[in-house]
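Residues per chain, in single letters:
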Amino acid sequence: MKASAVKKYRPFQGVSLPNREWPNKTITQAPIWTSVDLRDGNQSLPVPMNIEEKLEFFDLLVAIGFKQIEVGFPSASDTEFNFLRRLVEEGRIPDDVTVQVLVQAREHLIRRTFAALHGAKSAIVHLYNSTSPLQRKVTFSDASQEKIKQIAVDGAKLIKELSPTLPGTKLIMQYSPESFSDTELEYALEVCEAVMDVYEPTEENKMILNLPATVEWTTPNVHADMIEWFCRNMKDRNKVIISLHTHNDRGTGTAATELALLAGADRVEGTLFGNGERTGNLDIATVALNMNSHGIDTGLDFSNISEIRAVYEEVTKLTVPERHPYAGELVFTAFSGSHQDAIKKGIDRRKIDLANDPETPFEIPYLTIDPMDVGRSYEAIIRINSQSGKGGIAYILERECGLDLPKTMHPTVGSVIYGIADELGRELEADEIRDAFYKHFVNIDQPLSLVDYELDHSAGGRGEVSCTAKISINGEEKEIKGLGNGPINSLTQALQNAGLKSFNLTDYRSHAIRGGSDSDSAAYIQLQCDNTPNLIWGCGIDPSIEMAGLQALVSAWNALNELTKEH
Ligand code: KIV
Ligand code: ZN
């Protein structure tokens, strides 16, 4: 903003709360969760859900484990009314799930809401009216505090009066001073207590006071102060469930909820992935998974978050951003080399730790939770672009091809692969990485190839092997011979004897390829050319481990030839 524009704003008044206790507390248990996806969420959609979509969403919320679900504003439209009727008449509401209906404190709306509830086993009747000075002045044309309080009291009285018309329904009363977040605290308390006087809650039959941050005007600590102040100053705290309902105007809806739980709230209203008016409501999935990540069971099951996201995106026609906590496409993905390296080390280390102690707590650098616990696989964790490092590429080759590259080979392979990513200017798919590795390192047979070979184990001294190999170099076939302490060593000698470059074999590894349908072996050979400091790698893959080793040598020789040709 320009400085001239900033002048029109004012600091937000904090709460005087000496000895506030919430900063010293920790969240140790889950609150009561209430989904408002089908109401607050739905009313904010560019294309609201139709009844079939709402039914699908309702079933999803039940499957996740919500026991309280706000199903709409039945007095606001026929769709909302008919949706509730279908839920009731089709017996779709499980016995342990309570539906919640929202209604403004206005007589005809309350009566219509009661008509929608017939036959429901249990229901929360959520009454609200707006209480803040700004709403009193602008929306209610300078209405007095007394008048606004009376609207709430009259609404509660009518609800109480109508309750006997639903004899088979267990009713729970809820009241929200809408715009609580900018209402004078003493006044919000006065209105809430006046509503309590009507409903006369008991310890056995508690009512819910929902204290909404209808608009998030300030920092989360002030919200927590407001909740602690309210809990400390209200009467009959033991007869009331204090509920939170945060929005996300400043981007801190999650923090505001978490701090307000420390401040004493018992219940949380929110939506999946934070859908809702403007910047949205609280994202319940994030808060619940945050709790899971600290070892707290929440009763909500997000173990298949991608499926949940798919249903959500289908019915709301919104998309979950790629960086959205836990559910976003990229949140378990590392592109940066150092992160990839640390994650790969973490995964390897965890395998060892788990073998020693199956109860080892989860710890992998850069991952707050095990992606598997939300149904995400490790596949998405490491992806390769030009920022990526050698560890990530090795991880992909291990995962995709069962190849366990020697650590000292990682830089050579890494520079080839991210050179390709850099040139293309985009992320590489796993199969492109595999193809590039094969093209540049595996069974390279130009200009040198091994046509045939014979080993004679009786030719030399103890343990020595003689190799007679038919090679093709630049299209010309040749027979070469060498003696060494094994097949690779004797072919190395044969190449040297034939005057085909002077080099040292500085490393050799081999292993059976993991997870393949056939039983190929992979071998890796490192060569150093006499007149360059460069270390060159080649790989051989073949059903025979011996042939894999010889192919690795030929591959490395061809790479060395290429390099020395350039010098
Ligand atoms: O944000 C809000 O204040 C609401 C109320 C109706 C609870 O959605
Ligand atoms: Zn809201």
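Note that the coordinates shown come from a computational prediction; the quantities given were computed from them, not determined experimentally.

A count of helical and extended segments in the protein chain gives 18 helices and 14 strands. A globule of 567 residues ought to have a C-alpha radius of gyration of about 24 Å, yet the protein chain, at 34 Å, is considerably larger. When its C-alpha atoms are laid out on the principal axes, the protein chain stretches across 105 × 60 × 45 Å. Of the contacts made within the protein chain by residues no fewer than 6 positions apart, 68% connect residues no fewer than 24 positions apart.

Before going further, it helps to spend a moment on the state of the cysteines. Applying the stated criterion across every chain, the model contains zero disulfides. Cys401 takes part in no disulfide bond, and the closest cysteine sulfur, belonging to Cys539, lies 9.8 Å away.

Strand pairing in a sheet relies on backbone hydrogen bonds. The paired strands run either parallel or antiparallel. On the basis of which strands lie adjacent, the open sheet formed by three strands has the order β9-β10-β11 and antiparallel pairing. What marks the edges here is a single partner per strand, and that holds for β9 (448–456) and β11 (476–484). In this sheet, adjacent strand axes meet at a mean angle of 20° when their direction is disregarded. Two strands pair when backbone bridges link them, and β9 and strand β10 (residues 465–473) are joined in this way by eight bridges, in the antiparallel orientation.

This brings us to the coordination of the zinc ion (ligand 2). Around the zinc ion (ligand 2), the donor atoms from the protein are Asp40 (OD), His245 (NE2) and His247 (NE2), and they sit 2.1 to 2.2 Å away. Written as a sequence motif, the donor arrangement for the zinc ion (ligand 2) is D-x204-H-x1-H. Within this pair, whereas Asp40 is found in helix α2 (residues 37–43), its partner His247 is found in the loop between β7 (240–246) and α10 (253–262), the two being separated by 207 residues in sequence. Each member of the pair, Asp40 together with His247, is buried.

Together, Phe12, Leu134, Val138 and Trp217 line one region of the surface with nonpolar side chains, adding up to about 370 Å² of accessible area. In this structure Val138 comes out as exposed when scored by relative accessible area, which is 54%.

This brings us to a negative patch on the surface. Together, Asp452, Glu454, Asp456 and Glu479 make up a negatively charged patch on the protein surface. Per element, the largest residue contribution to the negative patch is three residues, and it comes from β9. Here Glu479 is to be found in strand β11.

Within the secondary structure, Ser130 sits in strand β4 (residues 122–130). Reaching out from Ser130, the side chain makes a polar contact with the side chain of Glu178 at a distance of 3.0 Å. For Ser130, the side chain forms a polar contact with the side chain of Ser179, separated by 2.9 Å.

Close to ligand 1 lie Arg39, Asp40, His126, Ser176, Glu178, Asn210, Pro212, Thr214, His245 and His247, which account for all nearby residues. Take Thr214: an N or O atom from its side chain is 2.6 Å from an oxygen atom of ligand 1. Look at ligand 1: alone it shows 260 Å² of surface, and the protein chains cover 95% of it. Every element with two or more residues in the shell around ligand 1 is listed here: α2, β5 (170–178) and β6 (207–213). Residues belonging to the shell around ligand 1 are distributed by class as follows: one nonpolar, six polar and three charged.

As for its placement among the helices and strands, Leu109 is situated in helix α5 (residues 107–116). Among the residues examined, Leu109 registers a relative accessible area of 12% and is labelled buried. With 33 residues separating them in the primary sequence, Leu109 and Ala76 have C-alpha atoms 7.7 Å apart. Ignoring sequence-local partners within four residues, the contact set of Leu109 consists of Ser75, Val103 and Gln104.

Taken domain by domain, the protein chain comprises domain 1 (29–316), domain 2 (337–441) and domain 3 (448–566). The gap between the C-alpha centroids of domain 1 and domain 3 is 72 Å.

Any two side chains of opposite charge can pair, on the condition that their charged atoms come close. Inspection of the entire model under this criterion finds 35 salt bridges. Measuring nitrogen to oxygen at the nearest pair gives 2.5 Å for the salt bridge that ties Glu70 to Arg39. Here Arg39 lies in helix α2 and Glu70 lies in strand β2 (residues 68–72), a separation of 31 residues in the sequence. The closest approach of N and O atoms between Asp197 and Lys235, which form a salt bridge, is 2.4 Å. Of this pair, Asp197 sits in helix α8 (residues 185–199) while Lys235 sits in the loop between α9 (220–233) and β7; the two residues are 38 residues apart in sequence, bridging distant segments of the chain. Relative accessible area serves as the criterion here: at 48%, Asp197 is assigned to the partly exposed category.

Counted residue by residue, β6 has seven buried out of seven residues, so it is predominantly covered. Burial of β6 is two-sided: the residues Met207, Leu209, Leu211 and Ala213 facing one way and the residues Ile208, Asn210 and Pro212 facing the other way are all buried. Sheet analysis places β5 next to β6, joined by two bridges and oriented parallel. Residue pairing for β6: Gln174 is matched across the bridge by Ile208. Following the chain from β5 across α8 to the adjacent parallel β6, one finds a crossover that is right-handed. With seven bridges connecting them, β6 and β7 associate as parallel partners. Residue pairing in the sheet places Pro212 in a bridge with His245 of β7. The parallel pair β6 and β7, bridged by α9, forms a crossover whose chirality is right-handed.

Moving on, we get to the sheet that holds strand β14 (residues 535–542). Taken in spatial order, the three strands of this open sheet run β12-β13-β14, and their pairing is antiparallel. Each edge of the open sheet is held by one strand with a lone partner, namely β12 (503–512) and β14. With direction set aside, neighbouring strand axes in the sheet form an average angle of 20°. The sheet contact formed by β12 and strand β13 (residues 521–529) spans nine bridges and is antiparallel. Residue pairing in the sheet places His511 in a bridge with Ala522 of β13. Against the sheet, helix α17 (residues 487–497) engages β12 and β13, with an angle of about 150° to β12.

Criteria and cut-off values
- Residues numbered from 1 in each chain as written.
- Chains lettered and ligands numbered in written order.
- Predicted model: local features only at pLDDT ≥ 70, side-chain atom pairs only at ≥ 80, totals over all residues.
- Heavy atoms only, no water.
- Helix = DSSP H or I, 4+ residues; strand = E, 2+ residues; numbered from the N terminus.
- Rg over C-alpha atoms; globule rule 2.2 N^0.38 Å.
- Contact = heavy atoms within 4.5 Å.
- Disulfide = S-S within 2.5 Å.
- Pairing = 2+ DSSP bridges.
- Axes fitted to C-alpha atoms, helices over the stretch in contact; angles between N-to-C directions.
- Donors = N, O, S within 2.8 Å, 3.2 Å for Na, K, Ca; no water.
- Buried < 20%, exposed > 50% of the residue type's maximum accessible area, 1.4 Å probe, protein only.
- Patch = residues over 30% accessible without salt bridge, like charges linked within 9 Å, V, L, I, M, F, W, Y side chains within 5 Å.
- Areas by Shrake-Rupley, 256 points an atom, 1.4 Å probe, with all protein chains shown as cover.
- Salt bridge = Lys/Arg side-chain N within 4 Å of Asp/Glu carboxyl O.
- Lys, Arg positive; Asp, Glu negative; His and termini not counted.
- Charge placed at Lys NZ, Arg CZ, Asp CG, Glu CD.
- Polar contact = N/O pair within 3.5 Å; in protein donor to acceptor, adjacent residues only side chain to side chain.
- Near = heavy atom within 4 Å.
- Nonpolar A, V, L, I, M, F, W, Y, C, P; charged D, E, K, R; others polar.
- Domains from an automatic or database assignment.
- Right-handed = clockwise from strand over helix to strand, strands pointing away.

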